[in-house]
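Secondary and tertiary structure notes
Listed below, chain by chain, are the residues.
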Amino acid sequence: LAVADLNLNNEILETEKITISVEFVDGNNPFQAVQEACELMNRGILALVSSIGCMSAGSLQTLADAMHIPHLFIQRSPAGTPRSACPPTSRVPGTDDYTLMVRPPVYLNEVIMQVVSEYSWQKFILFYDSDFDIRGIEDFLDRTSQQGMDVSLQKVESNINMMITSLFRTMRVEELHRYRDTLRRAVLFMSPATAKAFITEVVETNLVAFDCHWILINEEISDYDLQELVMKSIGRLTLVRQTFPMPQNTTQRCVKHNHRINTSLCDPKNPKAQQLEITNRYIYDTVLLKWHSMASLSCIRKNSKPWQGGKSMLDTVKKFGVSGLTSFLEFTDNGTNPNIFFEILGTNYGEDRGRGLATWDPLHGLNGTLTDRKLENNMRGVVLRVVTVLEEPFVMVSENVLGKPKKYQGFSIDVLDALSNYLGFKYEIYVAPDHKYGSLQPDGQWNGLMGELVFKRADVGLSALTITPERESVVDFTTRYMDYSVGVLLRKAERTVDMFACLAPFDLSLWACIAGTVLLVGILVYLLNWLNPPRLPMGSVSSTTLYNSMWFVYGSFVQQGGEVPYTTLATRMMMGVWWMFALIVISSYTANLAAFLTITRIENSIQSLQDLSKQTELPYGTVLDSAVYDQVRSKAMNPFERDPMYSQMWRMINRTGGGDNNVEESKEGIRKVKYGRFGFVWDAAVLEYVANNDEDCSFYTVSSSAPDRGYGIAMQHGSPYRDIFSQRILELQQNGDMDILKLKWWPKDSPCDLYSSVQTRQRGNALDIHSFAGVFCVLAAGVVLSCLIAMVESWWSRRKGSRDDKEIDLEHLHRRVNSLCTEDESPHKQFSTSSVDLTPLDMDALPAARQALEQISDFRNTHITTTTFIPEQIQTLSRSLSAKAAAGFSAGFGSGGGGGGGLQDHRTGGVGPFRQRAPNGGFFRSPIKTMSSIPYQPTGPGPNFGYGNDPDRGTSI
């Protein structure tokens, strides 16, 4: 093209014409390049123009120096990669250098060092393609190391897709996260074509975020390449390329010797000029240089001589420059082109076109200011579209008026409002169409809330959304604003009505031992009194029978006292030890009874997730295809998981393919727990809120001890708002505002006990009837049993009375009468003021006293009556009784006497049943004795009792 333009311009060459001969050689084959050059010399040439790599250029440079042929070297990098400085060629001392470096020296190291320093980068990764000679950036790496910068190197293979795939296959999740953070700052030394493919791949695989900043440096970046790179990249992109400043006056462009050439290439708006490579621009300008003669040489023969006019041609080319497509082409004395300019273009976050930021040239350095600006905290005017899933207490509908947008409330909404008030943005919120958090489907697509973010229908995802590796591979998460742990919701056991709760303080075996002890001690007391009978005082109504001993021991055990006096030392020792035993037992029972009636014992065995996994009686499950479901499944399938808890839980959750024990929504799982036998495994925070706000307080929760992840706000991958959201969340946590928001939805003074497995009463409540039902049942049973015993005794007494007649225990009567008489003879005998029951033999001779006596028929089926004396009459009656007895006994019970036959016939003729007063005030039957006469000596004559006058009158004591 340059030769054609020159030949068409007669004003430049006048009558001369220029011809060209183009030969294509292998850039890595220096022998071929030298061979082709020699063939051209044989034809005759003005100069040798080469556009090849450094390896072949060195051989051509040696040939040009030997043949004195001007060699204009235009360095071409392979496949459009950035240039690396060619190593210097060794030459014979004293010889001239016939090679001119048309392209300026490589200044990429200086430019990129200035740019990263202006951006204040301290850590970044440097990518280079396979065709780039890494030796070209050795100086740059040395300078960054001296300044303490952390620079990583990575080669970009030709098959970029395979390279990215291997990264995902070989790196663990944690390593992948660190690698993604490293990619936020990167420098690319590669061709525009490789850069476009690489950027496209990393963006599609979500390896880079929206807040990333990449720098692409290459002299060969056209305007077309610039537009495509900006469209394919996300975040911020800075491009460094070589530029050619043109004169403002268009008449001064593309001029040689004041003659303008090729207006099409000199027009910057011409598409052909925009797509022209820099190497070809230099080739065009090289042809426009001054030429004046031609040499015909032979470099194959041994006696070949160099061109004599070569030095003159070289000096002419150096002397005259040209204003062409590369601005102004000229050479210094050392044969280099000093004119090179770089422009630094950049795009801010979200921009779709590049804009000029600064320029650089070797003489003036950087002209402009570069700042690595992050997203500002001021988001005023920004309206975010928020997608959510209803989950108490994170997101709930607070107001739903027909025709108006729904209003929402909850913990996550409070966090979003706090961010909105600080950053100044506004938001529109809507619920995910399928009301799910979202999971990866078999077709590779995401549904639910995650799908809305992946398909960029929403800017922010907010709910009880946990941060998982699978989700973070397709979206960005802020820092966690609340810890997350897995819990299980269970229904509290109903309080069973125990009618015999009063027996709960002691075990059944202990009750049996106490009952046996009462019987044993009663028998021992009876035996001790039988071996050493006590002396009972006058008027004592007690006896030491086995029945009385048992009654006394039982009465002292229940702290009700006793009636049988025990005066022997052995008995008292025995009773003292028994009372001490009874005191300890009763005190322990009372204390333990109070505890049992006020504190409900924990009877449910599920107190941890381990307990839940070990049992199979209670079914449990979670929401199908949820984060909890995936977490349990992944840990159960992990062969390195040492805890078998998750594998046991997975067997229950995945029973029959997961259809039986899993639900579609969390509300369904909560209903199953409340109205059936089911355990719902879900987020512990959600379950605690449900248990706290249950009207019946019928739930309790069990959760894992240590949180292994957290709740975060999801955003589109590469969102520019992630960092400022995360920074503000950290500030809320640091100043305590986040804790205040938590207490609003999870108060410490909860009305329900979240950790008790049974329904318990509040402190201070009165005891109900259920706690004492057993006591009332025992009382009722005692009443019924007493009535039955009374009926049996009454029946037995009537049956016995109809069969037998009166019966007198004469021996006992003899002892009682003698005792009365002996006591009566004592003039100083003082009677007790308490009532005493006595029955005289006959009161016919005491007509005055009979008026103050009360006759009571105690034996309805016999002829025996009792007479009760009041205390004031005792002394008089006892004296009269003594006198009457003296006469009555000799007459009534002697072997003969006047009137005695009738009395004896009456008293002894028909011996029948006879009753005496018992110690407890009742009556008991005296044993039947053989009648015998009483050896009594009368003291004097006495009145004759007329027993025969009233044959129906009887006596009793």
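Note that this is a predicted model, so its numbers are computed, not measured.

This part takes up the confidence of the model for the protein. Mean pLDDT over the protein: 75, with 69% of residues reaching 70 or higher. The element-level mean pLDDT for the protein is lowest in helix α32 (residues 900-908), coming to 40, with strand β6 (residues 185-189) highest at 94. Counting contacts from residues 828-878, a segment whose pLDDT is below 50, to residues more than four positions away or on other chains yields 91 contacts. Between residues 942-957, whose pLDDT stays under 50, and residues either more than four places distant or in other chains, the model counts 45 contacts.

What follows is about helix α23 (residues 645-653). If you check which residues of α23 are buried, you get Met 645, Tyr 646, Met 649, Trp 650, Met 652 and Ile 653. For α23, the buried positions fall inside an angular range of 160 degrees around the axis, keeping them on one side. Looking at the buried residues of α23, the elements they touch are α21 (609-614), β24 (620-621), α22 (627-637) and β25 (679-683).

Bringing the UniProt feature "site: Interaction with the cone snail toxin Con-ikot-ikot" (unreviewed entry) in the protein into the picture now. In the numbering adopted here, UniProt assigns the feature "site: Interaction with the cone snail toxin Con-ikot-ikot" (unreviewed entry) to Arg 633. Within the secondary structure, Arg 633 sits in helix α22. A relative accessible area of 34% places Arg 633 in the partly exposed class.

All right, on to the packing of helix α15 (residues 411-423) against helix α27 (residues 737-745) then. Across the interface, α15 lies against α27 with an axial gap of 10 Å and an inter-helix angle of 150 degrees. Taken together, the axes of α15 and α27 lie roughly antiparallel to each other. The handedness of the crossing between α15 and α27 comes out as right-handed. Contacts from Phe 411, Asp 414 and Val 415 of α15 reach α27 at Met 738, Leu 741, Lys 742, Lys 744 and Trp 745.

Once that is clear, we can look at the packing of aromatic side chains. Scanning all chains against the criterion turns up 22 aromatic pairs. Judged by centre distance (6.0 Å) and plane angle (70 degrees), the ring pair of Phe 394 and Phe 411 falls under edge-to-face. Remark: Phe 411 occurs in helix α15 and Phe 394 occurs in the loop between β16 (383-388) and β17 (396-399); sequence separation between them is 17 residues. The buried category is assigned to Phe 394, whose relative accessible area is 0%. Ring geometry for Phe 411 against Tyr 481: centres 5.9 Å apart, planes inclined by 45 degrees, an arrangement best described as tilted. Here Phe 411 is found in helix α15, whereas its partner Tyr 481 is found in the loop between β21 (475-477) and β22 (482-484), with 70 residues between them in sequence. A relative accessible area of 0% means that Phe 411 is categorised as buried.

A few words on the state of the cysteines. For the structure shown, the criterion picks out 1 disulfide. Here Cys 54 engages in a disulfide with Cys 86; their sulfurs sit 1.6 Å apart. Residues Cys 54 and Cys 86 are joined by a disulfide whose S-S torsion is about -70 degrees; by sign, that bridge is left-handed. One end of the pair, Cys 54, is in helix α4 (residues 54-67); the other, Cys 86, is in the loop between β2 (71-73) and β3 (99-101), with 32 residues separating them in the sequence. Given the relative accessible area of 26%, Cys 86 is considered partly exposed.

Two pairing modes exist for strands in a sheet, parallel and antiparallel, and in both the strands are linked by backbone hydrogen bonds. The sheet built from 3 strands is open, its strands ordered β1-β2-β3 with parallel pairing. Strands with a single pairing partner mark the edges of an open sheet, and in this sheet they are β1 (48-50) and β3. Strand-to-strand twist in this sheet, taken as the mean axis angle between neighbours without regard to direction, amounts to 20 degrees. Of the strand pairs in this sheet, β2 and β3 are connected by 3 bridges, and their pairing is parallel.

Reading guide: rules and limits
Residues numbered from 1 in each chain as written. Predicted model: local features only at pLDDT ≥ 70, side-chain atom pairs only at ≥ 80, totals over all residues. Heavy atoms only, no water. pLDDT = per-residue confidence, 0-100. Helix = DSSP H or I, 4+ residues; strand = E, 2+ residues; numbered from the N terminus. Contact = heavy atoms within 4.5 Å. Buried < 20%, exposed > 50% of the residue type's maximum accessible area, 1.4 Å probe, protein only. Arc of directions from axis to C-beta. UniProt positions renumbered as here; feature names shortened; annotations may be inferred. Axes fitted to C-alpha atoms, helices over the stretch in contact; angles between N-to-C directions. Parallel < 35°, antiparallel > 145°, perpendicular 65-115°, else oblique. Left-handed = near helix turned anticlockwise from the far one by under 90°. Phe/Tyr/Trp six-rings, centres within 6.5 Å; stacked < 30°, edge-to-face > 60°. Disulfide = S-S within 2.5 Å. Pairing = 2+ DSSP bridges.

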